[in-house]
Amino acid sequence: MNGKAPSHIDTDTGQRIRLGQRLKATREYLGLSQQQVAERTGIVRSAISDIERGVRKVEVMELQKLARLYRLPASYFLDEQETADAGEHALAGLPRTARPLSEGDRIEVAKFIQYLQARRQAEEEEAGGLRPPHGPEGGA
C-alpha cells in the first residue's frame, strides 16, 4: 500500500486497541462485568464490548462516564505511551482533589505517599536482591 492513509488508519486502529485494552484491564481489575458497566454508565453492553476490542471509537461522553466509574482520569486511557501508569495520572489530579482538604489532611496525605513509596522500595529490594529503585529494569 502506498500513501499516508494506511499509516494514519493503522495509527487510529492502534490507538483504539490500546484504549480498549486499558478500559478492559481496568474493568476486570475492578471486578466488573460489561453488563454492570453498561448498567452504571448507560452505555449499551455491545458498545462496551466493541470499544474494549478496539473495533469501535469511543465518544467523549462515553469515555467520561467510564473514567468516572473507574475513578481514573480520562487522560490515563488516552495516554499514547505503552507503559502509561494509572497512578501517575491519578496523582496529576491530586492538587485539584486535595484543594478542599484542610492543611492537616494534606500533611497526612503527604505522609501516606511517603509511606507507600518506602513500602514499594522495600518490596522491590526484597524481590530483587537490593536493586536500586531506578535501575535499568525501569523501577520506581
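### Here we look at the nonpolar core
Point 1. Ranked by size, the top nonpolar core spans 16 residues in total, and within it Leu23, Val37, Leu66, Tyr70 and Phe77 carry the most contacts.
Point 2. Among the secondary structure elements, those contributing two or more residues to this core are helix H1 (5-29), helix H2 (34-41), helix H3 (45-53), helix H4 (60-70) and helix H5 (74-78).
Point 3. With four residues, H4 is the largest single contributor of residues to this core.
Point 4. Look past the residues within four positions of Leu66 in its chain and what remains in contact with it is Leu23, Val37, Thr41 and Ile43.

### Overview of the packing of aromatic side chains
Point 1. On inspection of all chains with the given rule, the structure shows two aromatic pairs.
Point 2. Ring geometry for Tyr70 versus Phe77: centroids 6.2 Å apart, planes at 55°, classification tilted. The pair formed by Tyr70 and Phe77 is uniform in burial state, with each residue classed as buried.
Point 3. Cluster of aromatic residues (ring-pair linked, three or more members): Tyr70, Tyr76 and Phe77.
Point 4. When the ring centre of Tyr76 is taken as origin, the NZ or CZ atom of Arg22, which lies over that ring, is 5.4 Å away.

### Remarks on the side chain of Glu52
Point 1. Considering the arrangement of structural elements, one finds Glu52 in helix H3.
Point 2. At a separation of 2.6 Å, a polar atom in the side chain of Glu52 contacts the side chain of Arg27.
Point 3. Sequence-distant contacts of Glu52, defined by excluding residues within four places in its chain, comprise Gly20, Gln21, Leu23, Lys24, Arg27 and Gln34.

### Remarks on H3
Point 1. Along H3, the residues classified as buried are Ala47, Ile48, Ser49, Ile51 and Glu52.
Point 2. Of the residues one or two after H3, Gly54 is the one with positive phi, at around 80°.

### Observations concerning unusual backbone geometry
Point 1. We note that Arg71 has phi near 55°; this positive angle belongs to a residue other than glycine.
Point 2. Relative to the assigned elements, Arg71 resides in the loop between H4 and H5.

### A few points about the side chain of Thr41
Point 1. Tracing the backbone through its elements, the reader meets Thr41 in helix H2.
Point 2. Thr41 sits in the buried class, given a relative accessible area of 8%.
Point 3. Within the structure, Thr41 has its side chain in polar contact with the backbone nitrogen of Ile43 (distance 3.2 Å).

Rules used in this analysis
Residues numbered from 1 in each chain as written. Predicted model: local features only at pLDDT ≥ 70, side-chain atom pairs only at ≥ 80, totals over all residues. Heavy atoms only, no water. Core = buried A, V, L, I, M, F, W, Y, C linked by side-chain atoms within 4.5 Å. Buried < 20%, exposed > 50% of the residue type's maximum accessible area, 1.4 Å probe, protein only. Helix = DSSP H or I, 4+ residues; strand = E, 2+ residues; numbered from the N terminus. Contact = heavy atoms within 4.5 Å. Phe/Tyr/Trp six-rings, centres within 6.5 Å; stacked < 30°, edge-to-face > 60°. Lys NZ or Arg CZ within 6 Å of the ring centre and 35° of its normal. Polar contact = N/O pair within 3.5 Å; in protein donor to acceptor, adjacent residues only side chain to side chain.

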